[in-house]
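Listed below are the residues making up each chain.
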Amino acid sequence: MTDDSTITHETFKQFERDKFSLVAQEYDRAIAVVTSQVDEAILDAVEAKSGIRLLDVACGTGWLSAAALQRQAIVTGLDFAEKMVAIARERCPQGSFHHGDAENLTFESGQFEAVVCSLGILHFPNPEKAIAESFRVLKPGGRYAFTCWTPPTRNPFMALILGSVQTYGSMDVDLPSGPPLFRFGDPTECQIVLSAEGFTQVSVRELPIKWTFSTPEDVMPKIVVSSARLGSMLAMQTDEQRRNIENAIIEGASKYVTENGVEIPASVVLAVGYKP
């Protein structure tokens, strides 16, 4: 018999897989270019260097994998969305990329010296299982690092988008229920979960990121066409709600106009663990 949580998890996974495949090209242009700002910090955290075998979980369109290949690491990437994997293969012909599930890795135990996961943890219905799988495929002495968005209280970009929806629209839209978006934006939660899965020498720090847009008017349309959950939430508002949300986002983004365009600050948590 299948329990309700399994059904919910599978429904969420299917939504993510379908939606991220649909937006893969726009995601690559609008979001991956932003999140790549912390790629070097992630690779430093796992001591990525020439010859190291590295697994990029939830590799997306391959920006982090490409940075690892620049360091001459031996890179394997994995993502749930087929179109993401296709773009990663184009970007990184020297890497080995697979369509697969972070919660059920098909790799042998102890196969990698490093495992990285850039902003994937918030997309896993059972993140503990994904972390346990990363622990399993690591060699003893290997390192694991993941990033997650910080909550709106420490993240002006998320505060602007979600605050505008909360004020002028509805957060209660017809989307499959998923894991809490900012659970691992809490350093204590990162420490507890990584330690519980067997990691030692756990460290957590915050890294700044800037979202960049040409004009304040570009912010909402770009998010709608390039993200899965956030974009769907915005797209599912009524016409009036959308107009009001968009006006609020334009007004908020206008405060971040620079001579180079719009630069809205944000941040991620970088959590790192060592497999003894």
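What you see is a predicted model, and the numbers here were worked out from it, not measured in a lab.

Parameters and conventions
Residues numbered from 1 in each chain as written. Predicted model: local features only at pLDDT ≥ 70, side-chain atom pairs only at ≥ 80, totals over all residues. Heavy atoms only, no water. Helix = DSSP H or I, 4+ residues; strand = E, 2+ residues; numbered from the N terminus. Rg over C-alpha atoms; globule rule 2.2 N^0.38 Å. Contact = heavy atoms within 4.5 Å. Areas by Shrake-Rupley, 256 points an atom, 1.4 Å probe, with all protein chains shown as cover. Lys, Arg positive; Asp, Glu negative; His and termini not counted. Charge placed at Lys NZ, Arg CZ, Asp CG, Glu CD. Buried < 20%, exposed > 50% of the residue type's maximum accessible area, 1.4 Å probe, protein only. Pairing = 2+ DSSP bridges.

K.L.:
Looking at this structure, I do not really get the overall build of the chain. What am I missing?
P.N.:
When its secondary structure is counted, the chain shows 11 helices and eight strands. The globule rule puts the C-alpha radius of gyration for 276 residues at 19 Å, and the 18 Å found for the chain is close to it. In terms of its C-alpha atoms, the chain occupies a principal-axis envelope of roughly 55 × 55 × 35 Å. Across the chain, every contact between residues at least 6 apart in sequence was considered, and the portion connecting residues at least 24 apart equals 77%. Accessible surface, the chain as shown: approximately 12,300 Å² in total, 50% of it carbon and sulfur. The average position of the 24 basic charges and that of the 35 acidic charges among the side chains of the chain differ by 5 Å.

K.L.:
Looking at this model, I keep getting lost on the pairing of strand E8 (residues 261–274). Mind explaining?
P.N.:
Residues in a regular strand point their side chains to alternate faces of the sheet. Burial of E8 is extensive: 11 of the 14 residues sit out of reach of the surface. Pairing between strand E5 (residues 138–149) and E8: seven bridges, direction antiparallel. What sits directly across from Arg143, in E8, is Tyr274. Pairing geometry for strand E6 (residues 200–213) and E8, over 12 bridges, is antiparallel. Looking at the pairing, Thr212 lines up with Glu263 of E8. Counting the residues between successive antiparallel strands, the hairpin from strand E7 (residues 257–258) to E8 contains two residues.

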